[in-house]
Amino acid sequence: MKTKDKLLPYPVLGNYDAVYPLLTSDAVVFPVPERDENDYIFHIELNQRNQDITKLIKEGKAEYLCEVYCKNTLLRQRYTSSEPIFDFRLGRKVVNGHVDLEFYVVLTQDIRYTNIGFNDDFAGLSFDLERGNILVAFPSAWFNAKIENEKMFALGSFVKVIGADVQDLSIDFGKNEAVYIQLPRRMYEQYENTIKPDRDFKEIIISSILHDALIRIITNYNKERDDDKTWADALKRRIEGLNEKSHKTFRLRPEDAIDIADGLLQNPYPRLFDSLIVLHQRLKMSNTQSEPNSEQ
């Protein structure tokens, strides 16, 4: 339905500030689905605290609705419930890649609708609504079957370095599975043959090419173009993990790009300096050992 932040001819809870109390951060509790040999197993909890809408649900005049859509397999499934809880299974073979889930409260019959929580702009008004009309539009959720199946959580699984016919380092956002750091052919050969195999250069690469690339990826992320790509879903999962660990609220947006890159790469600049000190000490020791003995 995709009603979020769209102008509607009547007030909907969750759409701007049309109805109070507003939805809170626990409006959709959506753990990553479990899985067994055949199915993904979902347990989802919804929370809204509007007394008039709750009353309509208890009277059987409205119900909770969950819509599941997988673009890759064209699966579209609907589940309804009189309780704010959804427990269901999806076969692992019927979904592939990105799966969207939308949640609503919808009417089960025609009513004349008014609500004590209406915004002042609608205070005292009532609306003739029909069965199927939306009363609550909850935040959407998603999961990516490919990520969960293949555990694409390591950066190297969805950010890859390749050689290309480019003049300078560039980023290719066009693929579904991964975003590609494109190096000019000569640089790529140097990287593959000499730099990458030498562990001494690891922190230098992380703090330079990879750090710069992550900032570019996050800054240039386009929701309309990239939102359901596997690499974008994997990056969002990594950001969620970073937020849980650091108690932050970073999102895939330009203003958070540097902080996300620093967090995902675990503070690359201190790591770089530590590695340079090690390299310096090793070089100093090597030079000392190679100097002729002055007593001979």
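What comes next concerns the included structure. This is a predicted model, so every value here is computed, not measured. (Residues numbered from 1 in each chain as written. Predicted model: local features only at pLDDT ≥ 70, side-chain atom pairs only at ≥ 80, totals over all residues. Heavy atoms only, no water.)

### Concerning the nonpolar core
1) Next: Ranked by internal contacts, the top residues of the largest apolar core, which has 47 residues, are I44, F88, L101 and L135.
2) Next: Of all the elements, strand β7 (residues 98–107) adds the most residues to this core, at seven residues.
3) Next: Discounting residues that sit within four places of it in the chain, F88 has contacts with Y40, I41, F42, I44, C66, V68, Y79 and L101.
4) Next: Listed in part, the 33 residues of the second largest apolar core include I181, I206, A234 and F250. (Core = buried A, V, L, I, M, F, W, Y, C linked by side-chain atoms within 4.5 Å. Buried < 20%, exposed > 50% of the residue type's maximum accessible area, 1.4 Å probe, protein only. Helix = DSSP H or I, 4+ residues; strand = E, 2+ residues; numbered from the N terminus. Contact = heavy atoms within 4.5 Å.)

### Describing the state of the cysteines
1) Next: Scanning all chains against the criterion turns up zero disulfides.
2) Next: Cysteine C66 shares no disulfide, and the gap to the nearest cysteine sulfur, in C70, comes to 14 Å.
3) Next: Using a relative accessible area of 0% as the deciding quantity, one classes C66 as buried.
4) Next: In this structure C70 comes out as buried when scored by relative accessible area, which is 0%. (Disulfide = S-S within 2.5 Å.)

### What to know about the packing of aromatic side chains
1) Next: Under the definition given, this model contains 12 aromatic pairs.
2) Next: Considering the side-chain rings of F42 and F143, the 5.4 Å spacing of their centres and the 75° angle between planes classify their relative orientation as edge-to-face. Here F143 lies in strand β11 (residues 141–144) and F42 lies in strand β3 (residues 39–46), a separation of 101 residues in the sequence.
3) Next: Overall, the relative accessible area of 2% leaves F42 in the buried class.
4) Next: Note on F143: relative accessible area 0%, which makes it buried.
5) Next: Look at F118 and F122: their rings are 6.3 Å apart centre to centre, the planes differ by 65°, and that puts the pair in the edge-to-face class.
6) Next: A connected cluster of aromatic rings, assembled from ring pairs, spans F30, Y40, F42, Y79, F88 and F143.
7) Next: Looking at R76, its charged tip hangs above the ring of Y69, at a distance of 4.5 Å from the centre.
8) Next: Above the ring of W142, the side-chain terminus of R237 is found at 4.4 Å from the ring centroid. (Phe/Tyr/Trp six-rings, centres within 6.5 Å; stacked < 30°, edge-to-face > 60°. Lys NZ or Arg CZ within 6 Å of the ring centre and 35° of its normal.)

### Considerations on the pattern of salt bridges
1) Next: On inspection of all chains with the given rule, the structure shows 23 salt bridges.
2) Next: R78 is the salt-bridge partner of E67, the closest N and O atoms lying 3.0 Å from each other. A residue pair is termed long-range when its members are at least 10 positions apart, and E67 in strand β4 (residues 62–70) and R78 in strand β5 (residues 75–81) qualify at 11 residues.
3) Next: Bridged by salt links that share partners, the residues K223, D227, D233 and K236 form one connected network. (Salt bridge = Lys/Arg side-chain N within 4 Å of Asp/Glu carboxyl O.)

### Details of unusual backbone geometry
1) Next: In this chain, Y20 is followed by P21 through a cis amide linkage whose omega measures -5°.
2) Next: Of note, P21 is situated in the segment before β1 (28–29).
3) Next: Located in the positive-phi region is Q266, a residue other than glycine, with phi close to 55°.
4) Next: Positionally, Q266 belongs in the loop between α8 (257–264) and α9 (268–290).
5) Next: A positive phi is found at N267, a non-glycine position, where the angle reads about 55°.
6) Next: Assignment of secondary structure puts N267 in the loop between α8 and α9.

### Quick word on the packing of helix α7 (residues 230–246) against α8
A packed helix pair is summarised by two numbers, namely the angle formed by the two axes and the spacing between the axes.
1) Next: At their nearest, the axes of α7 and α8 sit 10 Å apart, and the two run at 80° to each other. Taken together, the axis directions place α7 and α8 in an arrangement best described as roughly perpendicular. Where α7 abuts α8, its residues L235, R238, I239 and L242 lie against I260, G263 and L264.
2) Next: Taken together, the residues that form the contact of α7 with α8 break down as five nonpolar, one polar and one charged. (Axes fitted to C-alpha atoms, helices over the stretch in contact; angles between N-to-C directions. Parallel < 35°, antiparallel > 145°, perpendicular 65-115°, else oblique. Nonpolar A, V, L, I, M, F, W, Y, C, P; charged D, E, K, R; others polar.)

### Overview of the environment of P9
1) Next: Within the secondary structure, P9 is located in the segment before β1.
2) Next: Overall, the relative accessible area of 68% leaves P9 in the exposed class.
3) Next: Distance from P9 to F250, taken between C-alpha atoms, is 34 Å for residues 241 residues apart in sequence.

By themselves, these are just geometric observations and shouldn't be taken as functional.
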